[in-house]
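Take a look at the letters that make up each chain.
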Amino acid sequence: MYRSHYSKEISKKEYNSSVAVAGWVEDIRNLGSIAFLILRDKTGTLQLTILKKKSPELFEQLISLPRESVISVKGFCKENEKVRNGYEILPESVDVLSVAETPLPLGVVDKVEADFDTRLDNRVIDLRKPDIQAIFKIRNAVLATAHEYLRSQSFLEVHTPKIIASSSEGGTDVFKLRYFEKEAFLAQSPQLYKQSLMATGLDRVYEIAWYFRAEEHNTRRHLNESTAVDVEMAFIKDEEDVMKILEHLVHAMWKRAGECSEELEVLKKTVTVPKLPFTRVRYDDAVSKVQARKSPIQWGMDLSTEDERLLGDIMKEDGVDFYFITKYPLESKPFYTMPDGEKYSRGFDLECKGIEISSGSQRIHDVALLKERLKACGLDPKDFDAYLKAFRYGMPPHGGFGFGIERFLMELLDMNNIRECILFPRDRSRLTP
RNA sequence: GCCCCGGUAGUGUAGUGGCCUAUCAUGAAGCCCUGUCGAGGCUUCGACUUGGGUUCGAAUCCCAGCCGGGGCGCCA
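Residues numbered from 1 in each chain as written. Chains lettered and ligands numbered in written order. Predicted model: local features only at pLDDT ≥ 70, side-chain atom pairs only at ≥ 80, totals over all residues. Heavy atoms only, no water.

**A look at helix H12 (residues 405-412)**
- Taken across its 8 residues, H12 has 7 buried, putting it largely inside the fold.
- Along H12, the residues that are buried comprise Ile405, Glu406, Phe408, Leu409, Met410, Glu411 and Leu412.
- Once H12 finishes, Asp414 follows within two positions and takes phi at roughly 55°, a positive value. (Buried < 20%, exposed > 50% of the residue type's maximum accessible area, 1.4 Å probe, protein only. Helix = DSSP H or I, 4+ residues; strand = E, 2+ residues; numbered from the N terminus.)

As structure tokens, this is what we get:
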């Protein structure tokens, strides 16, 4: 066995006994007759203290290792107050498991910063840094909470096709691919499938999966491959039922992130847990608020990036970070959104500090109305036959929402680039690693 | 899709026509040092995105390409 303990697992109990530790050689400080080797594993670092007079061969072998080589060391664990961990390991034997090439394309502990692009080109090495790993440990924690919360509310986890016959909703560009003799597309969202499932009697479903968008955008807020949490629920009275689930879900995830104190510390971030319920702002009021601050927006238009930011600032003045924008104009929402009178819809967005993190709505469940709305949106109902079929034989009132996990994390951790929140980002120009 | 910006050692940079045989840091290779922890000291190594052009002279100016970053739009 190459490892008996991780660096963090060693405490007083292990002092004055033999342990096996394994990991990456982070740094070697050679003082001539004594050398210190910093070994890094998943939990942190520890120090090997190597004395030349004790074993000249072992000394020579260890100090000549290139940084980031992988080794396993058996040694004697000794208490020492001079060392940060409170202990050091005096090595007795070493297994060199992998010798790293030099020079490193990216230093793990170098004193110079690397460009983000260089980091992504060498993402595996970049991911060795504790602060980068912390992002993904928090991602793991909040997604675990999403599963737990949704299951506690009787949601069933489902997985719908990612290779689909037609674009889900129009709007965004989709990736085309060859499917034997047919043309197919990569899913941009599970929208049509999660709605179809509402006609099955499963009533409450959620899906956490990948989606693909072929938009040639080049911003720090967009990815061409991203992951999302999607929820759909039946027998709702109106969109308020959906918003309640969403706000509790977001609250639970934010709260869980706030409990990741170790990770937040290495990231030097703080998470402020929002208060429930989130403020509801009608679209009409949002428009008047930003108009009062000289935005050129007209009623009926979507809020521009600048308008959203402005509204975020206005809400912040009242101490509000999270808020719903409700009752959007019907024409600014997708065809499946339930109308609310002539002009309005039962669609909403959830905003956090001026950035949209989720959008949802009550959906149309009446097939005639759905066809009418498809036409009004310039779409041909014939292209949606398979979807419409789910509505023809008994479809309850339903609604749902979806949000991108990377966008969510970006807001949660106040990152300035969405690519920080995904292991191997796919963007306009990046297809590797 | 529209617009803006950038490309100098492995990494991060200085350099805006001659003082560049290109700065500094970091790194790598080596030497000295028994308590380092951003170790220290000394030596060495290593770069101007590509192709044209202007000029006596180009890292520097112009044109084109390649590669990259960002803003807006679209969206999540």
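On we go from here.
**Let's talk about the protein's contact with RNA strand B**
- In the neighbourhood of RNA strand B, 48 residues make up the surrounding shell, with Arg29, Lys82, Arg84, Arg220 and Thr305 lying closest.
- Each atom of RNA strand B within 4 Å of the protein was classed as base or backbone; sugar and phosphate made up 57%.
- With respect to RNA strand B, the side chain of Lys53 contributes an N or O atom lying 3.2 Å from a base oxygen.
- Between a phosphate oxygen of RNA strand B and a side-chain N or O atom of Arg419, the distance comes to 2.8 Å. (Near = heavy atom within 4 Å. Polar contact = N/O pair within 3.5 Å; in protein donor to acceptor, adjacent residues only side chain to side chain.)

**A short note on the sheet that holds strand S6 (residues 156-157)**
- Across the sheet, 8 strands lie side by side as S6-S10-S11-S18-S17-S16-S13-S12; this open sheet has mixed pairing. The strands lining the two open edges of the sheet, one partner per strand, are S6 and strand S12 (279-282).
- By the bridge criterion, 4 bridges tie S12 to strand S13 (residues 322-326) in an arrangement that is parallel. Looking at S13, one finds that Thr279 is bridged to Tyr323. (Pairing = 2+ DSSP bridges.)

**Quick notes on the side chain of Glu68**
- The residue Glu68 is located in the loop between helix H1 (56-63) and strand S4 (70-79) in this model.
- Polar side-chain contacts of Glu68 include one of 2.7 Å to the side chain of Arg40.
- The residues touching Glu68, leaving out its near neighbours within four places in the chain, are Trp24, Val25, Glu26, Arg40, Ala100, Leu104, Val108 and Arg128. (Contact = heavy atoms within 4.5 Å.)

**Side note on the packing of helix H8 (residues 283-291) against helix H9 (residues 305-317)**
- One can describe the packing of H8 onto H9 by two numbers: an axis separation of 9 Å at closest approach and a directional angle of 90°. One way to sum up the angle between H8 and H9 is to call them roughly perpendicular. Counted together, Ala286, Lys289 and Val290 of H8 and Asp307, Leu310, Leu311 and Ile314 of H9 form the full contact between these two elements.
- Among the residues forming the contact of H8 with H9, the class breakdown is 5 nonpolar, no polar and 2 charged. (Axes fitted to C-alpha atoms, helices over the stretch in contact; angles between N-to-C directions. Parallel < 35°, antiparallel > 145°, perpendicular 65-115°, else oblique. Nonpolar A, V, L, I, M, F, W, Y, C, P; charged D, E, K, R; others polar.)

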